[in-house]
Amino acid sequence: MEKKYDTLLKKYFPLFQSTQSSLYFDYFNDIKSLSDYVDSEIITCQPYSLSSNRNWQKEKYIELFEYLLKTSDCSILLFGESCQRNDLQKLVVDKKRIINLAGKLSLKEVNYLLLKSKFYIGIDSAISHFAEKCNIKRIIIVGGGSFGINHPQSAFTNNNKNVKYIFNEVNCFGCNWICIQKLPYCITNVNTQQVIKHIRLLIGN
């Protein structure tokens, strides 16, 4: 998987290569057009994958965002594809502090905002892998489809100080997203309080 991303990035985004990462990021050039988004602390989030069976429920995101808005002064920046813009807009419960950037950012700009984040929240997606390469604090709601495939089995032990993987363990882990259940319970049975608990652990509250 990492080699796949490397090949694409070398071809389309020939930026600075970090000595600590095999992916290509520009750590040094500030992006002036994004300055308005980082006047205060930010939380970055990619709520949805293009594969619907990897996604957490809308009402749980809304509950989580309402908690974050109430307990912090952070703005929440939402990442996604242009085709996801309308779905992400349904999560904007505060138009001043939740900003829908779906389809508006280059990879370089996403990288810049990740590095400025207090922490990142996401599902199993390319941006979550980029957040890993940035080594920022992150919460990943990840289902069992990726168990031992896109994410190593060791990742599910939550033993890294910068990352908390959240999932509901079921006996069909490792399905590679060929779900045999009525719903992907490995994700849909994760509740908001679990995520809030792990955020508190991650940021030391």
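Here the structure is a predicted model, which is why all the values come from computation and not from measurement.

Engineer: How should I be thinking about the nonpolar core in this particular structure?
Structural biologist: Among soluble globular proteins, nonpolar side chains are generally buried collectively. Counting 56 residues, the largest nonpolar core has Leu-64, Phe-65, Leu-68, Leu-78, Leu-114, Ile-121 and Val-195 as the members making the most contacts within it. For this core, the element with the highest residue contribution is helix H2 (residues 58–71), accounting for 7 residues. Residue contacts for Phe-65: discarding those within four places in its chain leaves Cys-45, Ile-76, Leu-78, Leu-91 and Ile-98.

Engineer: Just checking my understanding: could you explain the pairing of strand E4 (residues 117–123) for this structure?
Structural biologist: Residues in a regular strand point their side chains to alternate faces of the sheet. Burial runs high along E4: 6 of the 7 residues are buried. Here strand E1 (residues 42–46) runs beside E4; their pairing, made up of 5 bridges, is parallel. Bridge assignment links Thr-44 to a residue of E4, and that residue is Tyr-120. At this point the chain moves from E4, through helix H5 (residues 126–134), to the parallel strand E5 (residues 138–141), and the crossover so formed is right-handed.

Engineer: Is there a simple way to think about empty space enclosed by the protein in this case?
Structural biologist: Over the atoms a probe the size of a water molecule is rolled, and this reveals where empty space is left. Across all of its chains, the model carries 1 cavity of 30 Å³ or more by this definition. By volume, the largest cavity amounts to about 70 Å³. Asn-53, Gly-144, Gly-145, Val-170, Cys-172, Phe-173, Cys-175, Trp-177, Cys-179, Gln-181, Pro-184 and Cys-186 together form the lining of the largest cavity. A class-by-class count of the residues in the lining of the largest cavity yields 8 nonpolar, 4 polar and no charged.

Engineer: Could you clarify how one ought to interpret the packing of helix H4 (residues 107–116) against H5 in this entry?
Structural biologist: For any two helices packed against each other, the geometry comes down to the angle between their axes and how far apart the axes lie. Contact geometry of H4 with H5 gives a least axis separation of 10 Å together with a crossing angle of 55 degrees. Between H4 and H5, the crossing angle belongs to the class labelled oblique. Two packed elements cross with a definite hand, and for H4 against H5 that hand is right-handed. Across from Leu-107, Val-110, Asn-111, Leu-114 and Leu-115 in H4, the residues of H5 making contact are Ile-127, Phe-130, Ala-131 and Cys-134. Across the contact of H4 with H5, the residue classes tally to 8 nonpolar, 1 polar and no charged.

Engineer: I tried to follow the pattern of salt bridges on my own but got confused; where do I start?
Structural biologist: Once their charged atoms are close, side chains differing in charge can pair, the charge on each being opposite to the other. Counted by the stated rule, this structure contains 3 salt bridges. Residue Glu-41 pairs with Lys-118 through a salt bridge whose shortest N-O separation is 4.0 Å. Remark: Lys-118 occurs in strand E4 and Glu-41 occurs in the loop between helix H1 (2–12) and E1; sequence separation between them is 77 residues. Judged by its relative accessible area of 31%, Lys-118 is partly exposed. Between Arg-54 and Asp-124 there is a salt bridge, with the nearest N and O atoms lying 3.4 Å from each other. Residue Arg-54 is found in the loop between E1 and H2, and its partner Asp-124 is found in the loop between E4 and H5; the two are separated by 70 residues along the sequence. Per residue, the accessibility class of Arg-54 equals that of Asp-124, and both read buried.

About the criteria used
Residues numbered from 1 in each chain as written. Predicted model: local features only at pLDDT ≥ 70, side-chain atom pairs only at ≥ 80, totals over all residues. Heavy atoms only, no water. Core = buried A, V, L, I, M, F, W, Y, C linked by side-chain atoms within 4.5 Å. Buried < 20%, exposed > 50% of the residue type's maximum accessible area, 1.4 Å probe, protein only. Helix = DSSP H or I, 4+ residues; strand = E, 2+ residues; numbered from the N terminus. Contact = heavy atoms within 4.5 Å. Pairing = 2+ DSSP bridges. Right-handed = clockwise from strand over helix to strand, strands pointing away. 1 Å grid on protein atoms, 1.4 Å probe; cavity = no way out; pocket = protein on both sides within 12 Å on 5 of 7 lines; lining within 4 Å. Points joined across faces, edges and corners; volume = space filled by probe spheres on them. Nonpolar A, V, L, I, M, F, W, Y, C, P; charged D, E, K, R; others polar. Axes fitted to C-alpha atoms, helices over the stretch in contact; angles between N-to-C directions. Parallel < 35°, antiparallel > 145°, perpendicular 65-115°, else oblique. Left-handed = near helix turned anticlockwise from the far one by under 90°. Salt bridge = Lys/Arg side-chain N within 4 Å of Asp/Glu carboxyl O.

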